[in-house]
Amino acid sequence: MPDDKHIPALRMVDVSKIFARKTLDEVKALDGVSLDINEGDYICMIGSNGSGKSTCLNVIAGVFPPERGGKILIKDNDVTNLPEYQHAKYVGRVWQDPSVGTCARLTIEENLSMAVLRGRTRGLHKAVSKSRRTSFKEALEPLGMGLENRLTAPVGTLSGGQRQALSLIMATITRPVVLLLDEHVAALDPKTAQIVMELTDMVVHRDNITALMVTHNMEIALRYGSRLVMMHKGKCIFDVAGARKAGLTIPDLMKAFEKEAGEMLHDDSTLLVSAAG
Amino acid sequence: MDSVVNALTVSLYEGLVFGLLSIGLFMTFRVLDFPDLTMEGSFPLGGAVAATLIARGGLNPLLATLVALFAGAAAGAVTGLLNTKLRITALLSGLIVMVGLYSVNLNIMSGANISLLRENTIFKMVGNALNISGIWLSIVVAAIAAAIFFFILRWFLQTEIGLALRASGNNEQMVRGMGADTNKNIVITTAIANALVATAGALIAQNQGFSDVGMGIGVVVVGLAAVIIGEALFRPRTITQILLAAFGGTFIYRLFITVALRVGMPPQDLRLVTAALVVLALAIPFARKKLAGEWLPPATRS
Ligand SMILES: Nc1ncnc2c1ncn2[C@@H]1O[C@H](COP(=O)(O)OP(=O)(O)OP(=O)(O)O)[C@@H](O)[C@H]1O
Ligand SMILES: [Mg+2]
């Protein structure tokens with residue numbers, strides 16, 4: 001048996017995804033992507049609109065399978081053709097839209113009860129038990145939003161930022177092998193986005209979570225994370241980590257993009273939006 | 001005075017027994033957001049199965065009712081499977097099973113109806129044991145059945161599985177993201193809902209002394225009216241309140257209909273009055289907000 005540490009948390013091997021196959025609208029959203037995500041990686045993924053970032057996350061989460069020949073291994077388990085709900089055992093997710101990650105009609109504690117059972121068999125035990133309630137309070141306190149005092153409030157009564165922070169806790173309360181974040185602060189106002197981003201960074205570091213975070217914001221991509229991956233036309237065109245990632249600047253990114261994509265960048269705002277968002 | 005008491009007691013019995021049907025409807029329409037028409041067929045299915053087993057098979061009425069419950073669950077499961085395995089829309093899946101059940105019910109009874117007048121029923125069993133009869137006997141039996149299902153469902157909907165069912169109707173994406181199989185949840189819920197409806201059918205057939213293939217006509221509208229009235233009047237939030245509101249709504253709906261008939265409403269206007277009642281109940285929350293000067297969002301289809 002190889003040492004657990006040497007197995008990547010996630011391996012994508014030659015993963016492609018074609019939409020609207022054999023029609024005029026055929027799109028190759030992913031084009032032979034191979035990517036290893038190691039335990040403890042904190043990856044920021046950037047790329048222009050339609051470059052395949054969300055598709056990449058969706059394939060990892062099992063929303064749809066990749067084309068034949070591609071493989072997804074999570075901790076050496078082949079999950080390529082398993083349904084989405086079976087990927088959930090390994091994958092925690094926060095979506096862009098605050099209403100997707102949580103159930104508006106259920107209370108905060110009921111939402112968290114759904115989350116603590118991610119990847120486990122659900123039974124006939126009481127969903128919200130006393131001991132769970134205590135652990136929910138502990139999990140919510142660090143957010144500093146007072147949600148720990150509103151456990152029985154329906155989630156529909158929370159603000160977008162509060163719902164996104166709750167989604168984050170829900171995705172991480174049972175430690176995922178990989179945490180997927182798809183522009184999870186893009187739908188929030190700049191100030192709330194900043195708060196939720198800081199919370200994300202805090203949780204990822206505190207729990208030493210392996211994370212793959214898509215962002216449109218180059219400043220976020222440079223400031224946060226230990227590795228940076230750039231997507232373009234369904235391919236991974238740039239991948240840096242460690243000291244090289246830490247030393248990156250926006251001009252470096254533009255240069256890398258021009259070189260790898262072989263295209264001129266007329267205006268950074270058209271492809272890699274650096275404004276808040 | 002007597003007629004007031006009589007109207008109240010009859011409505012109480014009907015509120016309790018049709019309350020089971022309302023809760024079944026609530027499970028699919030509200031909890032799962034699955035407009036399920038199966039119940040127009042599973043309601044008479046419950047009556048047909050129980051009546052046939054009692055009258056032709058000489059089975060113990062309690063056991064016969066239990067078999068009716070499972071028959072309803074099976075019918076509901078078929079609807080759920082059509083929807084999840086064959087991807088047939090919810091509305092169409094229920095419609096298909098409802099249509100098919102009409103023939104199934106005729107076959108079970110080998111005819112359009114079965115009389116239970118001379119047979120043993122749950123009501124007669126309880127009546128003999130407690131030495132009561134008439135409307136109070138009906139109420140006692142209905143209350144026992146209502147209480148049993150109330151406590152089971154109140155417990156079940158707060159278990160881990162029950163919570164996943166409730167979440168499935170609200171946000172399927174999140175439920176799958178949390179590792180629960182939404183397809184399985186749909187089948188479980190349609191099965192439970194129609195089990196309740198069939199049980200109501202089995203009890204009502206035993207109380208009225210016959211089962212008829214046409215007894216399911218309109219039950220969806222009636223159940224919907226009851227659920228909507230319950231929601232509008234009681235504005236329930238917790239599971240306990242929601243279940244009680246379904247019984248309460250059914251009682252009030254039945255009371256209204258009973259009184260309307262007694263003060264001389266021609267029976268042919270029954271459906272029209274039901275329709276008007278549903279509109280009225282739907283208008284209450286709207287009017288409440290409007291009167292309070294609240295801003296109202298533009299109309300949507302849901
Ligand atoms: N379900 C789908 N059906 C058809 N085409 C799709 C589907 N999902 C994505 N696509 C197409 O695949 C390509 C990649 O889309 P994807 O959503 O992965 O891009 P993205 O990098 O996340 O872009 P953005 O930054 O705008 O979110 C796009 O051309 C898109 O139109
Ligand atoms: Mg995207």
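Residues numbered from 1 in each chain as written. Chains lettered and ligands numbered in written order. Predicted model: local features only at pLDDT ≥ 70, side-chain atom pairs only at ≥ 80, totals over all residues. Heavy atoms only, no water.

1. Details of the overall build of chain A
Here's step 1: Along chain A, the regular secondary structure elements total eleven helices and ten strands.
Here's step 2: In terms of C-alpha radius of gyration, chain A reaches 19 Å, essentially the compact-globule figure of 19 Å for 277 residues.
Here's step 3: Taken across its 277 residues, chain A has 54% of its residues classed as buried.
Here's step 4: Intrachain contacts of chain A at a sequence separation of at least 6 include 68% that bridge at least 24 residues.
Here's step 5: Total accessible area on chain A stands at roughly 12300 Å², and carbon and sulfur atoms take up 51% of it.
Here's step 6: For chain A, the centre of its 34 positive side-chain charges and the centre of its 33 negative side-chain charges are spaced 6 Å apart. (Helix = DSSP H or I, 4+ residues; strand = E, 2+ residues; numbered from the N terminus. Rg over C-alpha atoms; globule rule 2.2 N^0.38 Å. Buried < 20%, exposed > 50% of the residue type's maximum accessible area, 1.4 Å probe, protein only. Contact = heavy atoms within 4.5 Å. Areas by Shrake-Rupley, 256 points an atom, 1.4 Å probe, with all protein chains shown as cover. Lys, Arg positive; Asp, Glu negative; His and termini not counted. Charge placed at Lys NZ, Arg CZ, Asp CG, Glu CD.)

2. Focus on the packing of helix α5 (residues 122-130) of chain B against helix α6 (residues 134-156) of chain B
Residue and element names in this part refer to chain B.
Here's step 1: Viewed as axis vectors pointing N to C, α5 and α6 meet at an angle of 110°, and their least axial separation amounts to 10 Å. In this view, α5 runs roughly perpendicular relative to α6, as classed from their interaxial angle. Residue-level inspection shows I122, F123, V126, G127 and L130 of α5 in contact with α6, the latter providing L137, S138, V140 and V141.
Here's step 2: Here the residues of the contact of α5 with α6 are counted per class, giving seven nonpolar, two polar and no charged. (Axes fitted to C-alpha atoms, helices over the stretch in contact; angles between N-to-C directions. Parallel < 35°, antiparallel > 145°, perpendicular 65-115°, else oblique. Nonpolar A, V, L, I, M, F, W, Y, C, P; charged D, E, K, R; others polar.)

3. Quick notes on a nonpolar patch on the surface
Here's step 1: A surface patch of nonpolar side chains, about 480 Å² in accessible area, is lined by A:L124, B:I144, B:I148, B:I152 and B:W155.
Here's step 2: One can find A:L124 in the loop between α4 (108-116) and α5 (130-140). (Patch = residues over 30% accessible without salt bridge, like charges linked within 9 Å, V, L, I, M, F, W, Y side chains within 5 Å. Salt bridge = Lys/Arg side-chain N within 4 Å of Asp/Glu carboxyl O.)

4. Things to note about the interface of chain B and chain A
Here's step 1: Across the contact, 25 residues belong to chain B and 32 residues belong to chain A.
Here's step 2: Overall, the association of chain B and chain A removes approximately 2400 Å² of surface from exposure, summing both partners, and the carbon and sulfur fraction of that is 59%.
Here's step 3: Applying the counting rule to chain B against chain A returns three salt bridges.
Here's step 4: Note that B:E160 is salt-bridged to A:R132, the shortest N-O span being 2.9 Å.
Here's step 5: Summed over the shared surface of chain B and chain A, the result is 17 residue pairs in polar contact (both at pLDDT 80 or more). (Buried area = accessible area lost by both parts, 1.4 Å probe. Polar contact = N/O pair within 3.5 Å; in protein donor to acceptor, adjacent residues only side chain to side chain.)

5. Focus: the sheet that holds strand β1 (residues 10-19) of chain A
Across a sheet, paired strands are connected by hydrogen bonds in the backbone, their directions being either parallel or antiparallel.
Residue and element names in this part refer to chain A.
Here's step 1: Ordered in space as β2-β1-β4-β5, the four strands form an open sheet in which the pairing is antiparallel. Strands at the two margins of the open sheet, each flanked by one partner only, are β2 (27-37) and β5 (77-78).
Here's step 2: The sheet contact formed by β1 and strand β4 (residues 71-74) spans four bridges and is antiparallel. Paired with V13 across the strands is K71, a residue of β4.
Here's step 3: Lying over the sheet, helix α1 (residues 53-61) contacts β1, β2 and β4, oriented at roughly 115° with respect to β1. (Pairing = 2+ DSSP bridges.)

6. Observations regarding the nonpolar core
Here's step 1: Counting 64 residues, the largest nonpolar core has A:I108, A:L140, A:L228, A:F238 and A:L253 as the members making the most contacts within it.
Here's step 2: When sequence neighbours within four positions are dropped, the list of residues in contact with A:F238 reads A:L228, A:V229, A:M230, A:R244, A:L248, A:L253 and A:A256.
Here's step 3: Counting 51 residues, the second-largest nonpolar core is a separate cluster that includes B:L20, B:F29, B:A146 and B:F150. (Core = buried A, V, L, I, M, F, W, Y, C linked by side-chain atoms within 4.5 Å.)

7. Notes on the pairing of β4(A)
All names here are of chain A.
Here's step 1: The sheet contact formed by β4 and β5 spans two bridges and is antiparallel. Bridging across to β5, L73 finds its partner in D78.
Here's step 2: Counting the residues in the hairpin turn of β4 and β5 gives two residues, including K75, whose phi is positive at 50°.

8. Overview of the packing of aromatic side chains
Here's step 1: Following the criterion strictly, the structure yields four aromatic pairs over all chains and no others.
Here's step 2: Judged by centre distance (5.4 Å) and plane angle (85°), the ring pair of A:F19 and A:F64 falls under edge-to-face. With A:F19 in strand β1 and A:F64 in the loop between α1 and β4, this residue pair connects regions lying 45 residues apart in the sequence.
Here's step 3: The buried category is assigned to A:F64, whose relative accessible area is 17%.
Here's step 4: Positioned over the ring face of B:F18 is B:R254, at 4.0 Å from the centre of the ring. (Phe/Tyr/Trp six-rings, centres within 6.5 Å; stacked < 30°, edge-to-face > 60°. Lys NZ or Arg CZ within 6 Å of the ring centre and 35° of its normal.)

9. Some thoughts on the environment of B:L280
Residues and elements named next belong to chain B.
Here's step 1: Its location among the elements puts L280 in helix α12 (residues 270-291).
Here's step 2: Overall, L280 belongs to the exposed group, its relative accessible area being 53%.
Here's step 3: Along the backbone, L280 and D269 are eleven residues apart, and their C-alpha atoms lie at a distance of 16 Å.

10. Re the sheet that holds strand β7 (residues 178-182) of chain A
Residue and element names in this part refer to chain A.
Here's step 1: Spatial strand order, β6-β7-β8-β3-β9-β10: six strands in an open sheet with mixed pairing. Edge positions in the sheet fall to β6 (91-94) and β10 (235-241), since each has one partner strand and no second. Across this sheet, the average inter-strand angle for adjacent strands is 20°, counted without regard to direction.
Here's step 2: The strands that α1 touches are β3 (42-47), β6, β7, β8 (211-214) and β9 (227-232); relative to β7, the one it contacts most, it runs at about 145°.

11. Considering the pairing of β1(A)
Here's step 1: One ladder, built from seven bridges, connects β1(A) with β2(A); its direction is antiparallel. Counterpart to A:L10 in the pairing with β2(A) is A:I37.

12. Observations regarding helix α11 (residues 239-262) of chain B
Here's step 1: Over its 24 residues, α11(B) extends 35 Å from the first C-alpha to the last, a length consistent with the 34 Å expected when each residue adds 1.5 Å.
Here's step 2: The positive-phi residue at the C-terminal boundary of α11(B) is B:G264, with phi of around 105°. (Expected span 1.5 Å × (residues − 1).)

13. Quick look at the site of ligand 1
Residues and elements named next belong to chain A.
Here's step 1: Of all residues adjacent to ligand 1, which total 13 residues, the nearest are N49, G50, K53, S54 and T55.
Here's step 2: A distance of 2.8 Å separates an oxygen atom of ligand 1 from a polar atom in the side chain of N49.
Here's step 3: Summarising the interface, the protein chains cover 61% of the accessible area of ligand 1, which totals 630 Å² for the free molecule.
Here's step 4: At the level of secondary structure, the elements contributing two or more residues to the shell around ligand 1 comprise β2 and α1.
Here's step 5: At three residues, the largest contribution of residues to the shell around ligand 1 is made by α1.
Here's step 6: When the residues that make up the shell around ligand 1 are grouped by side-chain class, the tally is three nonpolar, eight polar and two charged. (Near = heavy atom within 4 Å.)

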